[in-house]
Amino acid sequence: MGANCCAQRDDSAGRSAEKWFMRADVDAAGLTMAFCGIRGHVLRLTREYHAGEDIVEELPIALVFPSRDAPWLAALRADLKKIDAARAGVFCLAVHCLAAGDLPVVPPVGVIPVSEEDTAKIMDLPKQETVAADSASYSAVTTAVHVLKAARERSGFASDIEEAVLAAKLDDIVSRISLNVFSVQDGSVTPSVTGDAVYFGASFVNTCSAGHHTAIWRFDPVKKSLSVKAFHDLQEGDELTFASDARRAPGTSPKARAVCACTACCDPSFHERLMQRRAANLQATEGVGSEDRFRITLPLPGKTISTEDDEPLTTRIEPPEVAQASDGKPDEAAAKVDV
């Protein structure tokens, strides 16, 4: 995500991000990016959106489902869990973020090098320092050993890739993607499976811990894409934010442990202005059917957009209190909900 946390950042960060957000399809989606000090990159809307409307959709840089690991990767994951169970999945995902130059000529089974464009995107993600610059973590060294061994067993010859160099690269990648891992679910199979993914554009959506997030995300198990949708009606200039715990995969850095610097948390007048906007929408939609009213005024008490990855985007409406008839029995007519 963006830089709501106090992570150390690469001074060169932003070059490929700015290029990505200047693409025609992103520009048409009504997004603009700015850099705001400790908050890092901030995404703002350049047009209005209605609740549930798609803002942007993108394919992953890397996507891994642990239940579908190749045997060598499953063995690596097991070894990493013995070292640091919380970050085992992030290091396995980092293997799938390596470029051709980082890997042996014949890479391990199941590993496809990322493109030069995706490599530039990874290097543009906010960096969180986890180990000293002149050393490699034990998890990184273990991962490098497994990668080189799996490549050697597949090709039949040793690689000229140095173990220490590969380990340092893995640590660097983990320091960037650990803040930007989406936990996704493929509900197209039974039973459903959970995986970890890195999406570049959505990584620059900051989080809001005040409960006033403006966007949700959806994973498409068929296209493997992630779409960002408006959580409620949004206006031009609104910042795009996710809920602070909306996408965290085990072992990543939860925003709840960091200092939130989103608009809702830093601007004392934000909540008041948001309530005034919703009140104005309610007044403007007096007499409008419940379905249209939901579209214009969401979120309201008892109404929300589902963010479960194995369900379609739906409205959930809590049933009202059952009215009592004169005989003391529930009045069924009064208890009906018009959805």
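Everything numeric here is computed off the predicted structure, so don't read it as measured data. (Residues numbered from 1 in each chain as written. Predicted model: local features only at pLDDT ≥ 70, side-chain atom pairs only at ≥ 80, totals over all residues. Heavy atoms only, no water.)

*Asks:* Which residues make up the environment of A100, and what values do they have?
*Replies:* Within the secondary structure layout, A100 lies in the loop between helix 4 (88–95) and helix 5 (116–123). Taking the C-alpha atoms as reference points, A100 and E116, separated by 16 residues in sequence, lie 8.7 Å from one another. The residues contacting A100, other than those within four sequence positions of it, are P113 and V114. (Helix = DSSP H or I, 4+ residues; strand = E, 2+ residues; numbered from the N terminus. Contact = heavy atoms within 4.5 Å.)

*Asks:* Describe the side chain of D238, and please don't skip the residues or the numbers.
*Replies:* Mapped onto the elements of the fold, D238 is located in the loop between strand 9 (225–230) and strand 10 (241–243). Judged by relative accessible area, which is 13%, D238 ranks as buried. Polar contacts involving the side chain of D238 include one to the main-chain amide nitrogen of Q235, which spans 2.8 Å. (Buried < 20%, exposed > 50% of the residue type's maximum accessible area, 1.4 Å probe, protein only. Polar contact = N/O pair within 3.5 Å; in protein donor to acceptor, adjacent residues only side chain to side chain.)

*Asks:* Mind laying out unusual backbone geometry, listing which residues take part and the relevant values?
*Replies:* Omega for the bond connecting T190 with P191 falls within 30 degrees of zero, at -5 degrees, which places this linkage in the cis form. You can see P191 is positioned in the loop between strand 5 (181–186) and strand 6 (193–198). Within the chain, K224 stands out as a residue other than glycine whose phi angle is a positive 65 degrees. Mapped onto the elements of the fold, K224 is located in the loop between strand 8 (215–220) and strand 9. Since its relative accessible area comes to 26%, K224 is described here as partly exposed.

*Asks:* Tell me about the pattern of salt bridges, and name the residues and values.
*Replies:* According to the stated counting rule, one finds eleven salt bridges in the structure shown. D186 is the partner of R68 in a salt bridge, and the nearest nitrogen-oxygen pair spans 3.1 Å. In this pair, R68 sits in the loop between strand 4 (62–64) and helix 3 (71–84) while D186 sits in strand 5, placing the two residues 118 residues apart along the sequence. Residue R68 is classed as partly exposed on the basis of its relative accessible area, which comes to 43%. (Salt bridge = Lys/Arg side-chain N within 4 Å of Asp/Glu carboxyl O.)

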